[in-house]
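What the coordinates show
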2 protein chains.
Amino acid sequence: MEDRGLILVTNDDGIEAPGLKALIDVVRDFGDVVVVAPEQSQSGMSHAITIKQPLRVTVMEESPSRKIFSVNGTPVDCVKLALNQLLDRKPDLLVSGINHGSNASVSVVYSGTMGAAIEGGINKIRSIGFSLLDYSRHADFTAAKIYSKRIIDQVMLNGLDRGICLNVNIPVGSMDEINGVKICRQTDGHWQEEYDKRKDPFNREYYWLTGYFNNYEPEAKDTDEWALRNNYVSIVPISTDYTSFKQLDALKSWKI
Amino acid sequence: MEDRGLILVTNDDGIEAPGLKALIDVVRDFGDVVVVAPEQSQSGMSHAITIKQPLRVTVMEESPSRKIFSVNGTPVDCVKLALNQLLDRKPDLLVSGINHGSNASVSVVYSGTMGAAIEGGINKIRSIGFSLLDYSRHADFTAAKIYSKRIIDQVMLNGLDRGICLNVNIPVGSMDEINGVKICRQTDGHWQEEYDKRKDPFNREYYWLTGYFNNYEPEAKDTDEWALRNNYVSIVPISTDYTSFKQLDALKSWKI
């Protein structure tokens, strides 16, 4: 399999997720496919890595052009194990998803899907995280697959700058209902938590995380939230260098 | 306690870590202190949040000017619970650490210490993550405390731009040995994994994560790794907007 392209596929919803199967379908024309995905759902695991537990790999499928492995770890563990142990060469592309649910705006920070894509970016691999704005297990991935393929085509053709990955979010709807693609910046917003406080049968309190997204700039047409609300696919290029260069200049005048 | 400043303290090494105690010492002159820290070590948990498990809060100490809570979750869970449930008003400052070990360069991405600081930044709170380059439980925090206090003084005096937090790393050494402070950008580098592959007593393979840091730009004097290697405290301003504006302009010419 030396001369063909090599595509690494992962996700955070776990090896059984329909969105993962949709993404495997999309990439098979681009080369040999190796899937390394978490055994179980890893939503909200961000860029977490497993340090204190050993990792185990289960071979789910192995053929000349396709291998599927599951790992008892996080999405970033999957990428690291793939690059160091499971792949015979550096992949030409890393794709993560298709996530069940939005990773737009600040959700990029919490997302395991995007954690894997960012890990690819850190390793200087062209990497894309895909998310569909539908949490249902029975979500329709038809339009998401068409747009994912078009975006991968462009990434293979044009490349990405060193250390950059893409955060792609796709609205719910048919091809007729989606208006196209917008290149966007990350919306400024935050998740407003509203913990659900309960008492267990032993009268001890516990909390469930709930909340809603608070958009600080709902009118800004260059943001991913605006694009999605207006039925566009949003693409945000994500840097793995988190330095704020603007603040850096301000800090240099401080007297410490 | 309405008129005094309010300082939220957290970490990722857990409620019992000596580095947390050092940081509590540093901030007590700045106002009322509320500590909300993980019950157990959360190294490598990045920006992970707990979705599928309920969270429990244990009150460790409660006095008019100081409250200490532990949480069975991640550093980001601690910040979210503090802001939504445990604090009676928005804090004037969030500090995370002092971490036992470096969070320079790309380690910012994996770090639970910095996950908490970034969560503060997302919530528009002045936030700083502190790390000392010494993993030992018996690390000497003397110089780290002096520099942390100086940096907090400057943040309280000058503020930080909206959505920005600081990643502060402190070299090992006495005040005589440390050369001062450098304002830096995040070093371009990555962790090169070398999984330690073993067999369990039942002949099943498992992997331990190990590896080393690979610096792509060891000679770049404006980076945090260079500063630390030359015995300076490094400060990197971290943006919670991960958009790559440079790549954004390039993407706009793509035909999708």
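These numbers were taken from a predicted model, which means no experiment stands behind them.

Details of the confidence of the model for chain A
In the predicted model, chain A carries a mean pLDDT of 95, and the fraction of residues at 70 or more is 99%. If you check the scores for this complex, the pTM reads 0.96 and the ipTM reads 0.94.

Here's the deal with the pairing of strand β10 (residues 196–199) of chain B
All names here are of chain B. As defined by bridge partners, β10 adjoins strand β11 (residues 205–208) across 4 bridges and the pair is classed as antiparallel. Within the sheet, the bridge partner assigned to Lys197 lies in β11 and is Tyr207. Counted between consecutive antiparallel strands, the loop separating β10 from β11 contains 5 residues, among which Asn203 sits at a positive phi close to 70 degrees.

Describing the relation of the copies chain A and chain B
Superposition of chain A onto chain B requires a rotation of 180 degrees combined with a translation of 0.0 Å along the rotation axis, giving an RMSD of 0.0 Å. This pairing of chains is accounted for by a two-fold axis. Here 100% of the interface residues in chain A have copies in chain B that are interface residues too; the copies meet face to matching face.

Re the packing of helix α2 (residues 75–86) of chain B against helix α4 (residues 112–122) of chain B
Residue and element names in this part refer to chain B. Following both chains from N to C, one finds α2 and α4 inclined at 30 degrees, their axes separated by 8 Å at the closest point. By the angle between their directions, the pair α2 and α4 is classed as roughly parallel. Judged by the twist between their axes, the crossing of α2 over α4 is right-handed. Residues Pro75, Val76, Cys78, Val79 and Lys80 of α2 pack against Gly112, Thr113, Gly115, Ala116, Glu119 and Gly120 of α4. Grouping the amino acids of the contact of α2 with α4 by side-chain chemistry returns 5 nonpolar, 4 polar and 2 charged.

Quick word on the sheet that holds strand β13 (residues 233–239) of chain B
Residues and elements named next belong to chain B. Taken in spatial order, the 9 strands line up as β3-β4-β2-β1-β5-β6-β7-β13-β8 in an open sheet, and their pairing is mixed. With partners counted over all chains shown, the strands left at the sheet margins are β3 (57–63) and β8 (181–183), one partner each. With direction set aside, neighbouring strand axes in the sheet form an average angle of 20 degrees. Examined bridge by bridge, β3 and strand β4 (residues 66–71) share 6 bridges and lie antiparallel to one another. Its bridge partner being in β4, Val57 is matched across the sheet by Val71. Its contacts with the sheet place α2 against β1 (6–10), β2 (32–38), β3, β4 and β5 (93–100), and it is angled at close to 135 degrees to β2.

Considerations on the interface of chain A and chain B
Contacts between the two partners involve 61 residues from chain A and, on the opposite side, 62 residues from chain B. Residues belonging to the side of chain A that touches chain B are distributed by class as follows: 33 nonpolar, 17 polar and 11 charged.

Focus: helix α5 (residues 142–158) of chain B
End to end, α5 of chain B covers 25 Å across 17 residues, agreeing with the expected 24 Å (1.5 Å per residue, within 8%). Where the residues of α5 of chain B are buried, they touch α1 (18–27), β5, β6 (127–132), β7 (164–170), β8 and β13 of chain B.

Focus: the sheet that holds strand β8 (residues 181–183) of chain A
All names here are of chain A. In spatial order, the strands read β3-β4-β2-β1-β5-β6-β7-β13-β8; together these 9 strands make up an open sheet with mixed pairing. The sheet is open, and its two edges are formed by β3 (57–62) and β8, each paired on a single side. If you compare each strand with its neighbour and ignore which way they point, the axes differ by 20 degrees on average. As paired elements, strand β5 (residues 93–100) and strand β6 (residues 127–132) share 5 bridges and run parallel to each other. Within β6, the position partnered with His100 by the bridge is Leu132. Helix α2 (residues 75–86) rests against β1 (6–10), β2 (32–38), β3, β4 (66–71) and β5 of the sheet, and its axis sits at about 135 degrees to β2.

Considering unusual backbone geometry
Residues and elements named next belong to chain A. For the peptide bond that leads from Gly97 to Ile98, omega is -15 degrees, which places it in the cis range. In this structure, Ile98 sits in strand β5. Of note in the backbone geometry, Ser105 takes a positive phi value of approximately 50 degrees without being a glycine. Judged by the 29 C-beta atoms lying within 10 Å of it, Ser105 is buried.

A look at helix α4 (residues 112–122) of chain A
Residue pairs three or four apart in sequence face the same way in an α-helix, which turns once every 3.6 residues. Residue and element names in this part refer to chain A. Of all 11 residues in α4, 11 are buried, a share of seventy percent or more. Where α4 is concerned, the buried positions are Gly112, Thr113, Met114, Gly115, Ala116, Ala117, Ile118, Glu119, Gly120, Gly121 and Ile122. Directly after α4, the chain includes Lys124, whose backbone phi takes a positive value near 60 degrees.

Calculation notes
- Residues numbered from 1 in each chain as written.
- Chains lettered and ligands numbered in written order.
- Predicted model: local features only at pLDDT ≥ 70, side-chain atom pairs only at ≥ 80, totals over all residues.
- pLDDT = per-residue confidence, 0-100.
- Pairing = 2+ DSSP bridges.
- Helix = DSSP H or I, 4+ residues; strand = E, 2+ residues; numbered from the N terminus.
- Least-squares fit on C-alpha atoms with pLDDT ≥ 70 in both.
- Contact = placed C-beta atoms within 7 Å.
- Axes fitted to C-alpha atoms, helices over the stretch in contact; angles between N-to-C directions.
- Parallel < 35°, antiparallel > 145°, perpendicular 65-115°, else oblique.
- Left-handed = near helix turned anticlockwise from the far one by under 90°.
- Nonpolar A, V, L, I, M, F, W, Y, C, P; charged D, E, K, R; others polar.
- Expected span 1.5 Å × (residues − 1).
- Buried ≥ 20, exposed ≤ 12 C-beta atoms within 10 Å, placed from the backbone.

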